[in-house]
2 protein chains.
Amino acid sequence: MKDEESGRAALARLLETAGSPYDRESIEGLIEGVLAAPPKAQASWHRLVAQRVEPALAKALDRRLLQRKKAWRDGLAAEDFALLPRSLRLLRLRSELARRGLDGFLVPRADAHQGEFVALSSERLHWLTGFTGSAGLAVVLEDRAALFVDGRYTLQASREVESPLYELRHMSEEPPEDWIASSLKKGGVLGYDPWLSTLSEVERLRPAAARAGAELKAVGDNPLDRVWLDRPPPPLAPVVPHEERFAGESSASKRARLGAALGVDRIAAAVLTLPESIAWLLNIRGGDVPHTPLPLSFAFLWSDGRASLFIDPRKLAPGTLAHLGSSVTVAPAEALGPALGELARAGGRISADPQTAAAAIFERLEAAGAKIERGRDPCLLPKACKNPVELEGARAAHRRDGAAMARFLAWLSEEAPKGGESEISAAERLEALRSEGEHFCDLSFATISGAGAHGAIVHYRASRESDARLERGMLYLVDSGAQYLDGTTDVTRTVAIGEASAERRDRFTRVLKGHIALLLARFPKGTSGAQLDAFARRALWQEGLDYDHGTGHGVGSYLGVHEGPQRIAKTGTNEALLPGMILSDEPGYYKSGEYGIRIENLLAVEVLEARGERETLGFESLTLVPLDRSLIEPALLDGEEKAWLDQYHARVRAEISPLVDQKTRSWLAAATAPLAR
Amino acid sequence: MKDEESGRAALARLLETAGSPYDRESIEGLIEGVLAAPPKAQASWHRLVAQRVEPALAKALDRRLLQRKKAWRDGLAAEDFALLPRSLRLLRLRSELARRGLDGFLVPRADAHQGEFVALSSERLHWLTGFTGSAGLAVVLEDRAALFVDGRYTLQASREVESPLYELRHMSEEPPEDWIASSLKKGGVLGYDPWLSTLSEVERLRPAAARAGAELKAVGDNPLDRVWLDRPPPPLAPVVPHEERFAGESSASKRARLGAALGVDRIAAAVLTLPESIAWLLNIRGGDVPHTPLPLSFAFLWSDGRASLFIDPRKLAPGTLAHLGSSVTVAPAEALGPALGELARAGGRISADPQTAAAAIFERLEAAGAKIERGRDPCLLPKACKNPVELEGARAAHRRDGAAMARFLAWLSEEAPKGGESEISAAERLEALRSEGEHFCDLSFATISGAGAHGAIVHYRASRESDARLERGMLYLVDSGAQYLDGTTDVTRTVAIGEASAERRDRFTRVLKGHIALLLARFPKGTSGAQLDAFARRALWQEGLDYDHGTGHGVGSYLGVHEGPQRIAKTGTNEALLPGMILSDEPGYYKSGEYGIRIENLLAVEVLEARGERETLGFESLTLVPLDRSLIEPALLDGEEKAWLDQYHARVRAEISPLVDQKTRSWLAAATAPLAR
């Protein structure tokens, strides 16, 4: 303890010498915020402390960080659940609700920005229930509670949540509306945190409460936060400029054209609540959540092209303020509430997106008498349609990613049959190879490395307990990707270790046929992903087979690996595909308990050469990774499919060979050889 | 006049002798109602007059009908528009609105049952604007008026409506909501007839009026009816039993099982407003609107299987009351309003369908304090899923229809090249041939008979002015169908008169490839028509071509030729296809000013033999009519497509040959010969 004291004193002196704005006390808050951010932030946070960080200061900072890290408690680790079990957490929440006169409370897996990845401080559903999936909603009443999850997570939730505490429900088949309508007592009050639910969600649940003769009520000061005693602070990861050589367009230009479009619609300002929109609009990137370089923040965009950014200023790396320039005002996050009031009082029409913005935004605007225009986040479509520089970046990133994948697959072909590798060791090898690539920043999501039966679990994540050895006779499925400064990648390959059975080759080839049918599709402008989805399923449907997930998701440019509004799936995706959008093409087939197959390339929507009468779009394949020829049954492919496969493999060979070592190059030559006719 | 007087006196005596409930005065109302029904009713109305109609009475009735018919004025004929031009009609309506303190009024093309075909008395939009399409909405304000129509009708509307009177708008691209929000004056009152708009429509338009600071207000006693002086009365066409040998299930059985399902949902009664639902549920058919055997009426279905039918009792043919039985109460249409009040006061939960039921239904129920459950019309899905008897009937009807089509096409192949036939003469020939078939009742819609460039007009209807001669070098498109007691048909064939160019053969073959791709689709249970739509377009998309209409609509069983909820189209059709549903498969290609191509068969959804893991559905082809082999480019077909075509033609030949004359049989043999390989 004495040691720690003297360390802190030394650190304080070093901070002062370096001219840092931080002192002995305030540095503690920064360190807490860095620890509350993903581990990556711990490698780059020094620049937030001072313009120049000499080695002595760096060492002192790291030592202090390590001390704090050792004592870190966030309530989310297995041992935390042992100390404070789920039942007690629920009890504490219920006491707090009773204290406030609430009959129930909504606990969504969401933060104020509705992202797929959230910071530790927003892991409320995880803390309460133990459920770690990326989507879900708990409804806690006095004597009952239910957890709603989608099809991806029903199994996982039943393992993670102690079932007597929560009734487990399927989000879409047994929607919360019905449960609320039938479980809430008459005259009851069901609270919700208006920062954690979108206006659309609130408007969907409100009538359900009304059906029960009860009320849905916004509650400030989240009651769960009161009982989550060791809740971490908001994350503090450095926010840095995203250079124009990667972005392809200056922020000023983006703000000018989007602002002008607002003006045409007679809108004075748009409220932006999605960090990916803000990152794109202002050409900045952060690190507040895992795998997606998000700067958690809010912003306004005015019709004259000016913007206001609401963000913890401690996160701004040196140079970022200058990069933002004089047309972008920076204010602390707490200033958002009052600023919404000012916005309203200025009298112009304010747009906000009811699908993505927190209900609190609308409530504040309404309370201040704003003229609200419900409109889509104006950045969504422009961000989704990549410009030529972003597309060129994506191609370059995919070449680098393809080289890493080729090195990995070549290594795997040699090592896996020996039986010395496991799901985790393989994933680590792959990450190491990727991280050698130029502009590499992070994985774009936790690698899905599934051997044998684990491949059939669509969102499998190997743990030390589940980690399976790769062995002959297995199929191995690896779904992975990276964040490079110039692009985001996501690729899935399924490979046979040793020889595969006829059934497995049949299934793989049908999945491949679907994959090819989608990427070769030509379609008129205006066509949505939903219209194309069945192309990817047809060869499976012919044999009474299918897969229970979407076929393709949008992908950002050094941003979210899952990005809307574009999507290829069975339903709910009437958004027209537009040139420049990047989507995945990932049909699959899963035989529970035996094996899983998925093939995924990223595609960019492109305008095809004029033919006929309609402007016609198609896809450019971005991903450059060989497909396991030993799993292909050539008799099932038609001429067009074979031609595509051989051309694709020839392209992979031509583009990737120069980037890899001799051994990988030899493997690649064989792996990309034309199919025997 | 003297003559007419003595005729009426004689008729009165004959009525009395026959024991008719009608006398000199009341028979006039019946005759007006018969004249207000489609012409078909005039061939069968005698049975409404008396149990036995002797020849003298029959003659007197027909003479009186003819007298009244000569003097018939409904305000809808061309000469009526000459006498009272559109501008004066609009002026009269505006005066009436002013008199009532209304700033505007909605005039939808709709009756109280939301059907595609409406009776003369409901042709308000036609009377006001001259627009004759089957969907549209006029919004009439003090100084402006707009007519909203969908893509099918933009051209037609611009011809039929005098444009200075109405701003012409595209229903979905420039929706009425926006026009109302920007055109209605602050504090204004926009009236609507709550019997002519569904609750959903009202709920969509109400916020638009609110955006303008105005109000949407239900108006009793439609103001337009006040100024449409010669508006016909509601139609009176005989309502007859639909025999169980065609329906396949007794009304008692249907009512019992649907009632039980209501009971499970704790619903006391469902309000039925769709005449096709009532026709299906009660096994009755009427003739109040053209081409669909609808008995315009309302009904309640109780959870115990009882029903109440609200209908003008004059329409009930002898035997229909007995057929309905003691569990179905019959009350006059005017009794509906009070009955809704009683229903509400009885206290149980009442279901009504906001998508299809008039807003007035909900308003009455609400006013009476009913517990309303918004639910889908309970007959929709059971009616859409045909039972085995209905499917057998459909097959039989399609054989008969196929025989008529074969005779027609054989005749056409000989006559058309001579140049002596026209669109109308050909359509009349086809109708005559069809009408010879057993169980024939009516066409299922006005035949689309389009030669050359007229084929490119998707909803073309030949008039005396447009009637084109069939000539060599043309493509001829004929889309037609019939109502048989055992089934409803709808088929489109495109034939070449003389030789067709390579381009036309290419286009025809691509349309055919799409048609085949859809009907050969195998898909898992749960798949919607929207998911399959692109199969029918793919071969066209490949060449930058497409068609701007849906691919398939549902079809009833001796009911609507357009029936929901099933549908195959680009969007808005998430309804899963279910075994027994009948759908059309009708891709097309249209070259404006030159030619149109469409190929349409009806398909029934069937469960396919088990294969793989998922319950798989597919289609049975019901239509049995040869496809013009001279328009097929065999090089564009793959092996599977050729095999289907030859098998289909072999089946057509086998099933139709025994039903036709020797000459047609010879033609059929050639027309259905296998493709040359």
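Residues numbered from 1 in each chain as written. Chains lettered and ligands numbered in written order. Predicted model: local features only at pLDDT ≥ 70, side-chain atom pairs only at ≥ 80, totals over all residues. Heavy atoms only, no water.

Before going further, it helps to examine the overall build of chain A. For chain A, the helix and strand inventory stands at 24 helices and 28 strands. Taken against the 2.2 N^0.38 rule, which gives 26 Å for 677 residues, the C-alpha radius of gyration of chain A at 26 Å falls within 12% of a compact globule. Considering chain A as a whole, with its 677 residues, one finds that 59% of them fall into the buried category. Of the roughly 26,300 Å² of accessible surface on chain A, 52% is carried by carbon and sulfur atoms. Here chain A contributes 85 positively and 94 negatively charged side chains, and the mean placements of these two sets differ by 1 Å. (Helix = DSSP H or I, 4+ residues; strand = E, 2+ residues; numbered from the N terminus. Rg over C-alpha atoms; globule rule 2.2 N^0.38 Å. Buried < 20%, exposed > 50% of the residue type's maximum accessible area, 1.4 Å probe, protein only. Areas by Shrake-Rupley, 256 points an atom, 1.4 Å probe, with all protein chains shown as cover. Lys, Arg positive; Asp, Glu negative; His and termini not counted. Charge placed at Lys NZ, Arg CZ, Asp CG, Glu CD.)

Okay, the packing of helix 12 (residues 251–264) of chain B against helix 13 (residues 275–282) of chain B next. Residues and elements named next belong to chain B. Orientation of helix 12 relative to helix 13, taken along the N-to-C sense of each, is 115°, at an axis distance of 7 Å. When the interaxial angle is binned, helix 12 and helix 13 end up roughly perpendicular. Of helix 13, the residues touching helix 12 (which contributes Ser251, Lys254, Arg255, Arg257 and Leu258) are Trp280, Leu281 and Leu282. Its residues assigned to classes, the contact of helix 12 with helix 13 shows four nonpolar, one polar and three charged. (Axes fitted to C-alpha atoms, helices over the stretch in contact; angles between N-to-C directions. Parallel < 35°, antiparallel > 145°, perpendicular 65-115°, else oblique. Contact = heavy atoms within 4.5 Å. Nonpolar A, V, L, I, M, F, W, Y, C, P; charged D, E, K, R; others polar.)

Attention now goes to the pattern of salt bridges. One side chain can pair with another of opposite charge once the charged atoms of both are near each other. Residues and elements named next belong to chain A. Under the defined criterion, the tally for this structure stands at 117 salt bridges over all chains. The closest approach of N and O atoms between Arg64 and Glu28, which form a salt bridge, is 2.9 Å. Of this pair, Arg64 sits in helix 3 (residues 55–70) while Glu28 sits in helix 2 (residues 26–35), placing them 36 residues apart in sequence. Neither residue differs from the other here; Arg64 and Glu28 are each classed as buried. (Salt bridge = Lys/Arg side-chain N within 4 Å of Asp/Glu carboxyl O.)

All names here are of chain B. Within strand 2 (residues 137–141), five of the five residues are buried, which leaves it mostly tucked inside the rest of the structure. With burial as the criterion, each face of strand 2 is covered, one bearing Leu137, Val139 and Leu141 and the other bearing Ala138 and Val140. Of the strand pairs in this sheet, strand 1 (residues 104–108) and strand 2 are connected by five bridges, and their pairing is antiparallel. Each residue of the ladder has a partner; that of Val107, found in strand 2, is Ala138. Across four bridges, strand 2 lies against strand 3 (residues 145–149) in antiparallel orientation. Opposite Val139, over in strand 3, you have Ala146 as the bridge partner. Where strand 2 hands over to strand 3, the hairpin turn is made up of three residues, counted between the paired strands. (Pairing = 2+ DSSP bridges.)

A word on the sheet that holds strand 16 (residues 448–451) of chain B. Residues and elements named next belong to chain B. What the three strands build is an open sheet, ordered 16-17-20; its pairing is antiparallel. The open sheet has two edge strands with one neighbour each: strand 16 and strand 20 (491–496). Averaged over all pairs of adjacent strands, the angle between strand axes in this sheet comes to 10°, irrespective of strand direction. As paired elements, strand 17 (residues 475–480) and strand 20 share six bridges and run antiparallel to each other. Within strand 20, the residue paired with Tyr476 across the bridge is Val495.

With an RMSD of 0.1 Å, chain A superimposes on chain B once it is rotated by 180° and translated 0.1 Å along the axis. Accordingly, the operation relating the two chain copies is best matched by a two-fold axis. For chain A, the residue whose C-alpha comes nearest the rotation axis is A:Gln531, separated from it by 3.1 Å. Most of the interface of chain A is mirrored in chain B: 100% of its interface residues are interface residues there too. (Least-squares fit on C-alpha atoms with pLDDT ≥ 70 in both.)

Right, let's get into the interface of chain A and chain B. With 29 residues of chain A at the contact, the number on the chain B side is 29 residues. Interface area, chain A with chain B, both sides summed: about 2,800 Å², of which 46% is carbon and sulfur. Sorting the residues of chain A by area buried against chain B places A:Gln531, A:Trp541 and A:Arg614 first, and these three jointly supply 24% of that buried surface. At the surface where chain A touches chain B, the tally comes to 18 residue pairs in polar contact (both at pLDDT 80 or more). If you list the elements that add at least two residues to the side of chain A that touches chain B, you get strand 21 (523–524), helix 21 (529–532) and helix 22 (538–541) of chain A. Residue classes in the side of chain A that touches chain B are distributed as 10 nonpolar, eight polar and 11 charged. (Buried area = accessible area lost by both parts, 1.4 Å probe. Polar contact = N/O pair within 3.5 Å; in protein donor to acceptor, adjacent residues only side chain to side chain.)

Attention now goes to empty space enclosed by the protein. Residues and elements named next belong to chain B. Applying the stated rule across the entire model yields four cavities of 30 Å³ or more. The space that makes up the largest cavity amounts to roughly 40 Å³. Every element with two or more residues in the lining of the largest cavity is listed here: helix 1 (2–17) and helix 3 (55–70). Grouping the constituent residues of the lining of the largest cavity by class yields two nonpolar, two polar and four charged. (1 Å grid on protein atoms, 1.4 Å probe; cavity = no way out; pocket = protein on both sides within 12 Å on 5 of 7 lines; lining within 4 Å. Points joined across faces, edges and corners; volume = space filled by probe spheres on them.)

Counting buried positions along helix 8 (residues 176–183) of chain A gives six out of eight residues, so the element sits mostly inside the fold. Every buried residue belonging to helix 8 of chain A is among A:Pro176, A:Glu177, A:Trp179, A:Ile180, A:Ala181 and A:Ser183, and all of these are buried.

Enumeration over the complete set of coordinates arrives at 24 aromatic pairs over all chains. Where B:Phe131 meets B:Tyr153, the ring centres are 5.6 Å apart and the plane angle is 85°; that geometry is what we call edge-to-face. Taken together, the residues B:Phe131 in the loop between helix 6 (124–129) and strand 2 and B:Tyr153 in the loop between strand 3 and helix 7 (154–160) connect sequence positions 22 residues apart. The residues B:Phe131 and B:Tyr153 share a single accessibility class, namely buried. Just above the ring of A:Tyr589 sits the side chain of A:Arg507; from NZ or CZ to the centre is 5.5 Å. One residue, A:Arg538, lies across the ring of B:Phe535, its end atom 5.8 Å from the ring centre. (Phe/Tyr/Trp six-rings, centres within 6.5 Å; stacked < 30°, edge-to-face > 60°. Lys NZ or Arg CZ within 6 Å of the ring centre and 35° of its normal.)

When its domains are assigned, chain A resolves into domain 1 (2–70), domain 2 (78–227), domain 3 (240–384) and domain 4 (388–671). Domain 1 of chain A and domain 4 of chain A are separated by 42 Å when their C-alpha centres are compared. (Domains from an automatic or database assignment.)

Residues A:Asp638, A:Glu640, B:Asp638 and B:Glu640 make up a contiguous surface patch of negative charge. Of note, B:Glu640 is situated in helix 23 (residues 639–656). The partly exposed category is assigned to B:Glu640, whose relative accessible area is 45%. (Patch = residues over 30% accessible without salt bridge, like charges linked within 9 Å, V, L, I, M, F, W, Y side chains within 5 Å.)

Further remarks concern the confidence of the model for chain A. On average, residues of chain A carry a pLDDT of 95, and 100% of them reach 70 or more. Across the interface, the model reports ipTM at 0.90; the global pTM reads 0.92. (pLDDT = per-residue confidence, 0-100.)

Quick look at the sheet that holds strand 19 (residues 487–488) of chain A now. All names here are of chain A. An order of 15-18-19 is seen for the three strands of this open sheet, with the pairing classed as antiparallel. Where the open sheet ends on each side, the last strands, each with one partner, are strand 15 (440–443) and strand 19. Here strand 15 pairs with strand 18 (residues 482–484) via three bridges, running antiparallel. Residue pairing for strand 18: Asp442 is matched across the bridge by Gln483. Its contacts with the sheet put helix 18 (residues 388–415) on strand 18 and strand 19, and the angle it makes with strand 18 is roughly 135°. Against the sheet, helix 19 (residues 423–435) makes contact with strand 15 and strand 18, and its axis sits at roughly 160° relative to strand 15, the strand it touches most.

A few words now on the nonpolar core. A:Phe619 and B:Phe619 are the most contacted members of the largest nonpolar core, which has 108 residues in total. If we skip the residues at most four places from it in the chain, B:Phe619 touches B:Leu518, B:Leu519, B:Ala521, B:Phe523, B:Leu532, B:Ile568, B:Leu577, B:Leu583, B:Leu603, B:Ala604, B:Val605 and B:Glu606. (Core = buried A, V, L, I, M, F, W, Y, C linked by side-chain atoms within 4.5 Å.)

Our next topic: the environment of B:Thr494. Residue and element names in this part refer to chain B. Residue position: Thr494 is located in strand 20. Since its relative accessible area comes to 2%, Thr494 is described here as buried. C-alpha of Thr494 to C-alpha of Ala71: the two residues are 423 residues apart in sequence and 42 Å apart in space. Excluding residues within four positions of it along the chain, Thr494 makes contact with Leu475, Tyr476, Leu477, Phe508, Gly596, Ile597, Arg598, Asp628 and Leu631. Within the local environment of Thr494, its side chain forms a polar contact with the backbone oxygen of Arg598, the two atoms lying 2.8 Å apart.

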